[in-house]
Amino acid sequence: MITKMKGTYDVTDDIGYLQTIEKKMLTVSKLFQYKEIRTPHFEATELFHRGVGETTDIVNKETYTFTDRGNRQNTLRPEGTAGVVRAYIENKLHADPVTPQKYFYQGSMFRYERPQKGRFREFRQFGAEAFGASSPEIDAEIIAYAVTFLRALKLNDVTVHLNSLGGKDSKTAYHSALNAHLKDDIAALCQDCQTRFQDNPLRILDCKVDAKHPLVNSAPKPIAYLTDEDRTHFERVQAALKAMQISYTVDENLVRGLDYYTHTVFEIKVSEALLGRQNAICGGGRYNHLVETLGGPPTPASGFAFGIERLIVAMKAANITPEPDRLHVFFIALGDQAKLATLAMMQRFRLGGITCNTDFLDKNIKGQFKQSEHQHARFVMVIGDAEIAEKTLEIKDQHTGETVKASLSKAYDTVVKLLTKGDVCEDCDHQKGAA
Ligand code: HAM
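Residues numbered from 1 in each chain as written. Predicted model: local features only at pLDDT ≥ 70, side-chain atom pairs only at ≥ 80, totals over all residues. Heavy atoms only, no water.

1. Observations regarding the site of the ligand
So, point 1. Near the ligand there are 27 residues, and of these Glu79, Glu113, Phe120, Glu129 and Tyr261 occur at the shortest range.
So, point 2. Residue Tyr261 places a side-chain N or O atom 2.6 Å away from a nitrogen atom belonging to the ligand.
So, point 3. Considering the ligand on its own, with 660 Å² of exposed area, one finds that the protein chains cover 96% of that surface.
So, point 4. Going through the elements one at a time, strand 6 (122-131), strand 10 (280-286) and strand 11 (301-307) are the ones with two or more residues in the shell around the ligand.
So, point 5. Here the element with the most residues in the shell around the ligand is strand 10; it accounts for six residues.
So, point 6. For the shell around the ligand, the residue count by class is 12 nonpolar, eight polar and seven charged. (Near = heavy atom within 4 Å. Polar contact = N/O pair within 3.5 Å; in protein donor to acceptor, adjacent residues only side chain to side chain. Areas by Shrake-Rupley, 256 points an atom, 1.4 Å probe, with all protein chains shown as cover. Helix = DSSP H or I, 4+ residues; strand = E, 2+ residues; numbered from the N terminus. Nonpolar A, V, L, I, M, F, W, Y, C, P; charged D, E, K, R; others polar.)

2. A word on the side chain of Glu129
So, point 1. Secondary-structure assignment places Glu129 in strand 6.
So, point 2. Of the buried charged residues, Glu129 lacks a salt bridge, with Arg256 as the closest side chain of opposite charge at 9.2 Å.
So, point 3. A polar side-chain atom of Glu129 sits 2.9 Å from a polar atom in the side chain of Thr81.
So, point 4. At 2.7 Å, the side chain of Glu129 and the side chain of Tyr287 are in polar contact.
So, point 5. Not counting the four nearest positions on each side in its chain, Glu129 is found in contact with Tyr34, Thr81, Val84, Gln101, Lys102, Tyr103, Tyr105, Tyr287, Ser302, Gly303 and Phe304. (Buried < 20%, exposed > 50% of the residue type's maximum accessible area, 1.4 Å probe, protein only. Lys, Arg positive; Asp, Glu negative; His and termini not counted. Salt bridge = Lys/Arg side-chain N within 4 Å of Asp/Glu carboxyl O. Contact = heavy atoms within 4.5 Å.)

3. Let's talk about the packing of helix 1 (residues 15-31) against helix 12 (residues 308-317)
So, point 1. Running from amino to carboxyl end, helix 1 crosses helix 12 at an angle of 110 degrees, the nearest separation of the two axes being 10 Å. Of the possible angle classes, the one that applies to helix 1 and helix 12 is roughly perpendicular. For the element pair helix 1 and helix 12, the recorded crossing hand is right-handed. Of the residues in helix 12, those in contact with Tyr17, Leu18 and Ile21 of helix 1 are Ile308, Leu311, Ile312, Met315 and Lys316. (Axes fitted to C-alpha atoms, helices over the stretch in contact; angles between N-to-C directions. Parallel < 35°, antiparallel > 145°, perpendicular 65-115°, else oblique. Left-handed = near helix turned anticlockwise from the far one by under 90°.)

4. Let's talk about helix 13 (residues 336-351)
So, point 1. Taking 1.5 Å as the rise per residue, helix 13 with 16 residues should run 22 Å; its terminal C-alpha atoms sit 23 Å apart, in good agreement.
So, point 2. Buried within helix 13 we find Ala338, Thr342, Met345, Met346 and Phe349. For helix 13, the arc enclosing every buried residue in end-on projection is 105 degrees, short of the 170-degree limit, so these residues lie on one face. Summarising the geometry of helix 13, the exposed residues directed more than 90 degrees from the buried face are Asp336, Gln337, Leu340, Ala344 and Leu351.
So, point 3. On its buried face, helix 13 sits against strand 12 (327-333), strand 13 (356-358), strand 14 (377-383), helix 15 (385-390), strand 15 (392-397) and helix 16 (411-420). (Expected span 1.5 Å × (residues − 1). Arc of directions from axis to C-beta.)

5. Looking at the sheet that holds strand 9 (residues 262-270)
So, point 1. The sheet built from eight strands is open, its strands ordered 1-5-6-11-10-9-7-8 with mixed pairing. Every interior strand has two partners, whereas the edge strands, strand 1 (35-36) and strand 8 (249-250), have only one.
So, point 2. Examined bridge by bridge, strand 7 (residues 158-164) and strand 9 share seven bridges and lie antiparallel to one another. The residue bridging Ser164 from the neighbouring strand is Thr264, located in strand 9.
So, point 3. Along the sheet face, helix 1 touches strand 1, strand 5 (101-110) and strand 6 and points at about 165 degrees away from the line of strand 5.
So, point 4. Lying on the sheet, helix 9 (residues 228-243) is in contact with strand 7, strand 8, strand 9 and strand 10; it crosses strand 7 at an angle near 160 degrees. (Pairing = 2+ DSSP bridges.)

6. Notes on the domain arrangement of the chain
So, point 1. Under the domain assignment used here, the chain contains domain 1 (15-167 + 227-317) and domain 2 (327-425).
So, point 2. The centre of domain 1, based on its C-alpha atoms, is set 47 Å off from the matching centre of domain 2. (Domains from an automatic or database assignment.)

See the structure below:
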């Protein structure tokens, strides 16, 4: 048997979680006025080297890169931001008079990481990017968007970790301070950190191996090196979050694992009890130079991405179940004539927004009733020769045990009436008169 590749998974029983997440993603994105964008799963390798950063683990150790038959270097996208920025530049989306230009996306990302709970090699992200606004308020809106999405999923037990790296001047001042702190003792840290010290010392702060090393723990923090302007930006992000009653905690060690960030960075975490060590369900922040670095006009930007698998694990751990997939009617057809009548009725019902199903395996009546139970049908209708001759049938409500008689031609209206009992269906979103 050929089995799935390490770090990948099939979505079978969890499809309801995925669909609930997608539904809430669409609803909340509309509330915040973000438009969907879809970009390719593979891009030129160079995009990620220039975009995500040569010194990041993602680019150095985790990309799926291949040469195609035309001798081009391709990389499966390890994250969504670089591709969206490329699309923003290539499609001249900056010319859109609606500003800032706000996009969301979802789909598979690929990282060659060591698989474990909440960590896959092919995983899904829901991400968002806002282009063209340098204001702290859009950073706060991005965080509000992420938190509102979590609320829609009923995942309330989360913490927003917030920090600021500042702009170019703050980052330069901080890098010098960090260099001075590390340079004499750098040999005490892991081999990767020694390389990071040469290329990008900031990365040392989020090294998983040396996370608890005293040299790392006592390192200066970016927040202490913010220029006045950058400090004001950070304060305004916090004031905006407070105005929206979004709680957060300032985490001075938060630096994020990608090179493009400036100013605000954040992560949303659920408790380790729910998710274990991979408890960051969302990461994001401001990136004011990426559009320009990738050849576009200078454009400030801010965004986030959720890890969808981690959301599902967190929902399960918090006993949140997906919205059930409801079957309104199961038709039990007895005989060839009844089968045709059933098919005709099902088509009518489905066009009118009522979900229905029947038996396609020629089961006897007992077997068909069993199916209606397996499929959790709300109503069961039996159609046989007698029903066809008398042009009436019985509609059995499996919830209440009650039975209602209706003519074949009025069966649809009767089911709609039973389902809606007023204007809106108590059992689903079906609106009265949807036919
Ligand atoms: P990231 O922190 O690398 O940021 O990923 C965002 C989220 O994707 C993580 O918080 C995590 O939930 C999920 N994730 C990452 N790697 C894996 C994995 N191997 N398996 C399962 N889930 C994973 C970004 O990707 C940035 N592009 C976010 C962003 C958008 N920043 C600005 N705009």
